[in-house]
Amino acid sequence: MATDVIGKTATARIYKNLIDGDWVEATTGETFENINPADTRDVVGVFQKSGKADVEAAVEAARRAFEKWRLVPAPRRAEIIYRAAQMLIERKEDYARDMTREMGKVLKETRGDVQEAIDTGFYMAGEGRRMFGATVPSELPNKFAMAVRHPVGVCAMITPWNFPMAIPSWKLFPAIVAGNCCVIKPAQDTPLSVFNFVQTLLDAGVPKGVVNIVSGFGSRIGAPLTEHPEIRAVSLTGSSDVGRIVGESCARSFKRCSLELGGKNPMIVLDDANLELALEGGLWGGFGTTGQRCTATSRIIVQKGVYHEFVGEFVERARKLKVGNGLDETVEMGPAINKAQLETDLSYIEIGKSEGAKLLCGGHRLDSGPYQYGWFLEPTVFSDVDPKMRIAQEEIFGPVVSIIPCDHLEHAIEIANGVPYGLSSAIYTRDVNRAFKAMRDLFAGITYINAPTIGAEVHLPFGGTKATGNGHREGGFGAIEFYTEWKSVYVDYSDRLQKAQIDRPE
Ligand code: NAD
């Protein structure tokens, strides 16, 4: 599978595309480097920069494999998935280390990322013996009616870099247990984790052609994938801007399309909250994964009675967070994923200052000493943020938290809902009545009570409202819904022509 070449600091391995069970070079002859964002001298691997012809070969392989895979009984398909999940347990530590190296988040979190793939594997293996359909009574005598699930066909998966194994597993496991065949395009910043994941699928016994990998840039191979007539479903997790492009492309050819996009997630802290819990949750939600989660706690809406106390303590603790290379177990926050993201973070910090928000801590790039070769930023907190400011409205995707004062619960909910996104939301209160009102009135796909906006479990539907997506859900039973087509089947055992709606038995 791999050849060795001399990288910048060490020997970097060349990874090829996976098409029809073979590891092959891209027809373009081009490659790109996967760089460690904590130390840009470290080349994690060299990957294929694929073109349209590579996409076409992968889709053709998936189409051929589908003819056989769809006929394998689902419980047999599930056994392979179960085996893959077990193998991931054995490989968890190695894969977590590879992931930290390729995308920077701390080891504790990359172990969690692999664990999410393991959990999804076990859940989806169970689906192989469920995948419930429906039987219903027929309106005619001696007639049987049921609805069964069929695979959709060839599916394309386009994934982001922030959950490099968990998100591909959310897509690939349910797709293949349902009998589909797949072409996955990993994010260009984190292809290695997808290669590791798919290698495990192969080792567990997934037949050739069922899963194919085409690595490269969305700007070049995104359109060939989404426009390909043999692809029947596209699942994208990424930014809302790319979601719009993919959604429009799929609509033109009537493809099923699942979009999981951005967020601007609010955490409400009411006067009666357990403040210690809220502080801990806010720090974890705001600065975990360097703020680069679609569910990151990027806005904290605090009721006036506890505002000053909360802000003072939050800033104190944010300042003390240890930033560094995620491979160091004592580090709490890693680097930004790349230079462009760091520049975006810094530009939003300037926007926040110019809008009149109070910069209470952070705001600067860290680039000396141990930080000199990475894309590090200080944990940054703005207070006295107006809900209409750009830093309170737009997804920054960095370690920048905006704290917004509010008067009461209804005011907090109005602020929380007043953004273009609706992914996750949270409220800290000890009043059950107010908690239930928030559960009802926060217009988002996920609401946490007394926990921050991050921390979804794999067996519940995951996704959001408004610009966060197009109504589909990943995770648990929501995913099976996306990767299967309903077929209604009528079996008439009356031995005569019976006309529905017309022959009405007395
Ligand atoms: P991105 O939109 O830049 O890229 C996502 C994927 O789309 C990548 O694989 C990229 O190569 C591909 N792509 C880019 N242009 C394309 C095109 N024209 N056609 C088809 N594909 C194209 O996002 P990112 O920077 O990788 O990830 C961060 C974004 O993802 C954030 O907005 C974040 O909120 C979102 N996200 C959402 C969820 C969710 O479940 N809602 C989860 C994680 C991340």
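The model shown is predicted, which means the values in this text are computed figures rather than measured ones.

Side chains of V432, F436, M439 and I449 sit close together on the surface and give an oily, nonpolar patch of about 360 Å² of accessible area. Considering each element in turn, the nonpolar patch owes the most residues, 3 residues, to helix α13 (residues 432-441). Along the polypeptide, I449 turns up in strand β23 (residues 446-449).

Here we take up the packing of helix α3 (residues 107-127) against helix α4 (residues 166-177). Remark: α3 packs on α4, axes separated minimally by 9 Å, with the N-to-C direction vectors making an angle of 15°. When the axis of α3 is compared with that of α4, the two are roughly parallel. Judged by the twist between their axes, the crossing of α3 over α4 is right-handed. Packed against α3, whose contacting residues are D113, E116, A117, T120, G121, M124 and E127, the element α4 presents A166, S169, W170, F173, P174 and V177 at the interface. Among the residues making up the contact of α3 with α4, the classes are represented as 7 nonpolar, 3 polar and 3 charged.

The 3 strands lie next to each other as β7-β8-β25, forming an open sheet whose pairing is antiparallel. Each edge of the sheet is formed by a strand with only one pairing partner; in this case those strands are β7 (134-137) and β25 (484-492). Within this sheet the neighbouring strands show an average axis-to-axis angle of 20°, counted without direction. Pairing of strand β8 (residues 143-151) with β25 involves 9 bridges; the strand directions are antiparallel. Pairing of P151 across the sheet is with T484, part of β25.

With that out of the way, let us pick up the site of the ligand. The immediate surroundings of the ligand are formed by 26 residues, with T159, Q188, S239, L261 and E395 found nearest. The separation between an oxygen atom of the ligand and a polar main-chain atom of G238 is 3.3 Å. With the chains in place, 88% of the 850 Å² that the ligand exposes on its own is no longer accessible. Considering only residue class, the shell around the ligand consists of 14 nonpolar, 9 polar and 3 charged. There are two domains that each give the shell around the ligand at least three residues, and those are domain 1 (17-261 + 469-488) and domain 2 (266-449).

Rules used throughout
- Residues numbered from 1 in each chain as written.
- Predicted model: local features only at pLDDT ≥ 70, side-chain atom pairs only at ≥ 80, totals over all residues.
- Heavy atoms only, no water.
- Patch = residues over 30% accessible without salt bridge, like charges linked within 9 Å, V, L, I, M, F, W, Y side chains within 5 Å.
- Areas by Shrake-Rupley, 256 points an atom, 1.4 Å probe, with all protein chains shown as cover.
- Salt bridge = Lys/Arg side-chain N within 4 Å of Asp/Glu carboxyl O.
- Helix = DSSP H or I, 4+ residues; strand = E, 2+ residues; numbered from the N terminus.
- Axes fitted to C-alpha atoms, helices over the stretch in contact; angles between N-to-C directions.
- Parallel < 35°, antiparallel > 145°, perpendicular 65-115°, else oblique.
- Left-handed = near helix turned anticlockwise from the far one by under 90°.
- Contact = heavy atoms within 4.5 Å.
- Nonpolar A, V, L, I, M, F, W, Y, C, P; charged D, E, K, R; others polar.
- Pairing = 2+ DSSP bridges.
- Near = heavy atom within 4 Å.
- Polar contact = N/O pair within 3.5 Å; in protein donor to acceptor, adjacent residues only side chain to side chain.
- Domains from an automatic or database assignment.

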